Amino acid sequence: MDNKHIDTIAVRAGQVRTAEGEHSDPMFLTSSYVFASAEEAQARFSGDSPGNIYSRFTNPTVRTFEQRLAAMEGGEVCVATASGMSAIVAFCMGTLQAGDHIVSSRSIFGSTVILFNNIMSKFGIETTYVDLTDLDDWRKAIRPNTKAFFAETPSNPLTQVVDIAALSEISREKGIILAIDNCFCTPSLQKPLTLGADVVIHSATKYLDGQGRCIGGAVVGKKDLVGEGVYSFLRTAGPTMSPFNAWVFLTGLETLGLRMKQHCANAQQVAEWLSEQPNVSKVHFPGLESHPQYDVASRQQSGPGGLLSFEVKGGQEKAFNVINKTEFLSITANLGDTKTTITHPATTTHGRLTDEQKLEAGIAPGLVRVAVGLENVDDIIHDLSLGLS
Ligand SMILES: *Cc1c(COP(=O)(O)O)cnc(C)c1O
């Protein structure tokens, strides 16, 4: 599959047909495996012969998902995990040790901040936060013990974008591992490993599934980092992806390219419509020329993604009105679903920040975030118009 287009890889890569000749990917719901002889068992356990041992770390359905996603990201190895959060934990535990330091972009997933601040800190790993788009800020935050850069691009909910290639030049020069959470773009819109990142992290829960069914995650990268460090952690600690979930994600990957194209097209139309509304003061979306990193986004992403946010004039009261007047949009903080979701970041995902921190992070009281789904775009726009007029 090496020289095939990503859409072909998404449908075909990683499948190993069994003797039954099944066309679709089979689901291996088995916790353990049997061996032909005591000698074979010995060889498997010692690592002398490859093969299945136990589904905490070897399962054919999970392996198919891992190989397909690795091929789609252009990475050597993928380790599938029970959730996006456990992918980040596995990355940290597999590559860092006490005394190491992380530099992370400030606007990242809330649970990732809690993981870095409250849990990794207990094991002597400190984190410094910087402005995603300010490369000088990244450079200045580096200490002699800085081991990892961590970034989400585009960011949530303001859709800021960092130049991954430029950031990787800084990390490479200092021998720092660059990890990109590629949840919002997915490999069908952005391949960080081909731009110089060392590791890609996913919450498969979002667009890879795409229909809001299962929780899962993945770490993709080079053999030495992911195949050894991260895999060793997973094998022993066990935040493993279930074969059932892997099977659901496999079918999700088959339609990822198609879905992302439509998410992007719908979001583009919604963003352009919002830009013309008199009661909207600002629209954050990488597909608008007014976006501060429009050029970088156009260069490193093959589409703007499905996530946007906008500021309603009149603050929280008017923003709540827009959310409450919608007829079918889902009021939830989840994203990456066929169903459009709408949320008020200042009182939900970013509710724990102080007013000052919200101001610094650009989370205005009138800000509304929409993860644009696959319903008809005219219906989505009509739903949003109900509270905006
Ligand atoms: C949802 C999300 C996560 C966490 O993934 P879970 O599957 O919910 O554990 C991590 N990063 C980003 C950007 C996310 O949106």
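Quantities reported herein were computed from a predicted structural model and do not represent experimental measurements. (Residues numbered from 1 in each chain as written. Predicted model: local features only at pLDDT ≥ 70, side-chain atom pairs only at ≥ 80, totals over all residues. Heavy atoms only, no water.)

**Structural notes on the overall build of the protein**
Part 1: A count of helical and extended segments in the protein gives 14 helices and twelve strands.
Part 2: Relative to the compact-globule value of 21 Å for 389 residues, the protein shows a C-alpha radius of gyration of 21 Å, a close match.
Part 3: Its C-alpha atoms put the protein at 75 × 50 × 35 Å along the principal axes.
Part 4: Taking all 389 residues of the protein together, the buried fraction comes to 54%.
Part 5: When the accessible surface of the protein is summed, it comes to about 17100 Å², and 51% of that surface belongs to carbon and sulfur atoms.
Part 6: Positive and negative charge centroids in the protein, built from 32 and 42 side chains respectively, lie 2 Å apart. (Helix = DSSP H or I, 4+ residues; strand = E, 2+ residues; numbered from the N terminus. Rg over C-alpha atoms; globule rule 2.2 N^0.38 Å. Buried < 20%, exposed > 50% of the residue type's maximum accessible area, 1.4 Å probe, protein only. Areas by Shrake-Rupley, 256 points an atom, 1.4 Å probe, with all protein chains shown as cover. Lys, Arg positive; Asp, Glu negative; His and termini not counted. Charge placed at Lys NZ, Arg CZ, Asp CG, Glu CD.)

**Quick look at the pattern of salt bridges**
Pairing is possible between side chains of opposite charge, provided their charged atoms come close.
Part 1: Evaluated as defined, the whole model comprises nine salt bridges.
Part 2: Among the ionic pairs, arginine 68 bridges to aspartate 25, the shortest N-O distance being 3.4 Å. Of this pair, arginine 68 sits in helix α3 (residues 60-73) while aspartate 25 sits in the loop between α1 (6-12) and α2 (38-46); the two residues are 43 residues apart in sequence, bridging distant segments of the chain. Each member of the pair, arginine 68 together with aspartate 25, is buried.
Part 3: For the salt bridge of aspartate 100 with lysine 147, the shortest nitrogen-to-oxygen distance reads 3.9 Å. (Salt bridge = Lys/Arg side-chain N within 4 Å of Asp/Glu carboxyl O.)

**Description of empty space enclosed by the protein**
Part 1: Scanning all chains against the criterion turns up two cavities of 30 Å³ or more.
Part 2: Of the pockets and cavities examined, the largest cavity occupies roughly 60 Å³.
Part 3: Lining the largest cavity, in full, are Pro154, Ser155, Thr159, Phe184, Tyr207, Pro304, Gly305, Gly306 and Leu307.
Part 4: Taken together, the residues that form the lining of the largest cavity break down as five nonpolar, four polar and no charged.
Part 5: The residue makeup of the lining of the largest cavity includes at least three contributed by each of domain 1 (6-254) and domain 2 (256-388).
Part 6: The volume enclosed by the second largest cavity comes to roughly 30 Å³.
Part 7: For the second largest cavity, the full set of lining residues is Ser107, Ser155, Asn156, Pro157, Leu158, Gln160, Ala361 and Ile363.
Part 8: Looking at side-chain class alone, the lining of the second largest cavity contains four nonpolar, four polar and no charged residues. (1 Å grid on protein atoms, 1.4 Å probe; cavity = no way out; pocket = protein on both sides within 12 Å on 5 of 7 lines; lining within 4 Å. Points joined across faces, edges and corners; volume = space filled by probe spheres on them. Nonpolar A, V, L, I, M, F, W, Y, C, P; charged D, E, K, R; others polar. Domains from an automatic or database assignment.)

**Overview of the sheet that holds strand β4 (residues 146-152)**
Part 1: The seven strands are arranged β1-β7-β6-β5-β4-β2-β3 in an open sheet whose pairing can be described as mixed. Edge positions in the open sheet fall to β1 (77-81) and β3 (126-130), since each of these has one partner strand only. The sheet shows a mean angle of 20 degrees between the axes of neighbouring strands, taken without regard to direction.
Part 2: Taken together, the four bridges between strand β2 (residues 101-105) and β4 define a ladder with parallel strand orientation. Directly across from serine 104, in β4, lies its bridge partner phenylalanine 150.
Part 3: Sheet strands in contact with α3 are β1, β6 (199-203) and β7 (217-221), and its direction is about 130 degrees off that of β1.
Part 4: Seen against the sheet, helix α8 (residues 223-237) touches β1, β5 (177-181), β6 and β7 and runs at an angle of roughly 25 degrees to β1. (Pairing = 2+ DSSP bridges. Axes fitted to C-alpha atoms, helices over the stretch in contact; angles between N-to-C directions. Contact = heavy atoms within 4.5 Å.)

**Re the domain arrangement of the protein**
Part 1: Here the protein is described as being made up of domain 1 (6-254) and domain 2 (256-388).
Part 2: Measuring from the centre of the C-alpha atoms in domain 1 to the corresponding centre in domain 2 gives 27 Å.
Part 3: Facing 35 residues of domain 1, the contacting portion of domain 2 comprises 38 residues.
Part 4: At the surface where domain 1 touches domain 2, the tally comes to one salt bridge.
Part 5: At the junction of domain 1 with domain 2, the criterion picks out 16 residue pairs in polar contact (both at pLDDT 80 or more).
Part 6: Looking at the side of domain 1 that touches domain 2, the element that brings in the most residues is helix α9 (residues 243-254), giving three residues. (Polar contact = N/O pair within 3.5 Å; in protein donor to acceptor, adjacent residues only side chain to side chain.)

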